[in-house]
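If you want the building blocks of each chain, they are given just below.
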Amino acid sequence: MADFTAKDVQALRQSTGAGMMDAKKALTETDGDMEAARKLLREKGLAKADDRAGRENAQGAIAIATNVGTVGMVELNCETDFVAKSANFVRLTQELADAVAAGGEDAVAGHAAAVDDLKVSLKENIEVGRAVQVKLVEGEVVDTYLHRQEGRGVNGVVVVLQGGSKELAHDVAVHVAFAKPQYLTRDEVPEEVVAEERETLLN
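Each value, and the rule that gives it
- Positions within a chain are numbered from 1, following the residues in the order the chain's sequence is written.
- Whole-chain, interface and lining totals are the exception, using all residues; otherwise, since this is a predicted model, local features are given only for residues with pLDDT of at least 70 and side-chain atom pairs are given and counted only at 80 or more.
- Side-chain calculation: all heavy atoms of the structure are included, whereas hydrogens and water are not.
- Among buried residues, those of type Ala, Val, Leu, Ile, Met, Phe, Trp, Tyr and Cys that are joined through side-chain atoms within 4.5 Å constitute a nonpolar core.
- Only protein chains enter the area calculation, which uses a 1.4 Å probe; residues under 20% of their type maximum are buried, those over 50% are exposed, and those in between are partly exposed.
- The secondary structure listing takes helices from DSSP runs of H or I that are at least 4 residues long and strands from runs of E that are at least 2 residues long, numbered from the N terminus.
- Any pair of residues with heavy atoms lying within 4.5 Å of one another is described as a contacting pair.
- Charged residues are defined narrowly, with Lys and Arg counted positive, Asp and Glu counted negative, and His plus the chain ends left uncounted.
- The rule for a salt bridge is simple: a side-chain nitrogen of Lys or Arg has to be within 4 Å of a carboxyl oxygen of Asp or Glu.
- Candidate patch residues must exceed 30% relative accessible area and have no salt bridge, after which like charges are joined if within 9 Å and Val, Leu, Ile, Met, Phe, Trp or Tyr side chains if within 5 Å.
- For the area figures, the Shrake-Rupley method with a 1.4 Å probe applies, and any residue is considered shielded solely by the protein chains shown.
- A charge is said to be at NZ when it belongs to Lys, at CZ for Arg, at CG for Asp and at CD for Glu.
- Expected helix span is taken as 1.5 Å per residue step, with the number of steps being one fewer than the number of residues.
- Note that the arc is defined by the directions from the helix axis to the C-beta atoms.

Remarks on the nonpolar core
Leu 76, Phe 89 and Ile 126 are the most contacted members of the largest nonpolar core, which has 18 residues in total. Among the secondary structure elements, those contributing two or more residues to this core are strand S1 (59-67), strand S2 (70-78), helix H4 (81-84), helix H5 (87-103) and helix H6 (112-122). The leading source of residues in this core is H5, at 6 residues. When sequence neighbours within four positions are dropped, the list of residues in contact with Ile 126 reads Leu 76, Asn 77, Cys 78, Val 83, Phe 89, Val 115, Leu 118 and Lys 119. With 9 residues, the next largest nonpolar core counts Leu 12, Ala 18, Ala 26 and Leu 40 among its residues.

As structure tokens, then:
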């Protein structure tokens, strides 16, 4: 018979987000081995997470991190704003941004297990969206702005200037965050959009 206590079941529940009966069953199947039970629950949970993979995940959070000469910004997607503003979700988003600032966009792959664990405990389709590292060269000034709602970042901006000040970079970042421009330069605007706007103004 498996040797474990009610405290073991509670500890397993807290570390995995599993229900009481699932935690108890996992400990029974693994003869009270906490690590093996955690792994078993994770495997079973991920099987269920795969079933959720097709569900829309238009909610989420954004985080920004700075390092020496770099800035990282990451978007973590989920299904509901309830999950998006939860402490564990916001914390992982920031950890991903820290990793990108230090090691580049590919650094998010090193946190795949943490993302999987969150899928299991929060029971939603959670995945990393955009991840960007901005590298600075000598003479450039950078500042960032992260607009927050209910404790989570929902709109992030990184502005890099040559020959400007940090204060100016910050002012531009705040303006971009609230104006939400579709294009940064005149050259980026598609010809059909220009033609459509011209026709609207002339009529």
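Next, the rest of the story.
Overview of the side chain of Arg 152
Summarising the element assignment, Arg 152 is placed in strand S5 (residues 152-162). Here Arg 152 sits buried without a salt bridge, and the closest side chain of opposite charge, Asp 81, lies 4.7 Å off (N-O distance). Discounting chain neighbours no more than four positions away, the residues touching Arg 152 are Gln 59, Gly 60, Ala 61, Asp 81, Ala 84, Lys 85, Val 90 and His 147.

Details of a negative patch on the surface
Side chains of Glu 191, Glu 192, Glu 196, Glu 197 and Glu 199 sit close together on the surface and give a patch of like negative charge. For Glu 199, the location among the structural elements is in helix H8 (residues 191-202).

Observations regarding helix H7 (residues 166-179)
In an α-helix, one turn spans 3.6 residues, which is why side chains three or four residues apart end up on the same side. The end-to-end C-alpha distance of H7 is 20 Å, a good match for the 20 Å that 14 residues give at a rise of 1.5 Å each. Inspection of H7 places Ala 169, Ala 173 and Ala 177 among the buried residues, and these make up the whole buried set. In a view along the axis of H7, the buried residues occupy a sector of 70°, so they form one face of it. Residues of H7 that are exposed and point over 90 degrees away from its buried face: Glu 167, Asp 171 and His 175.

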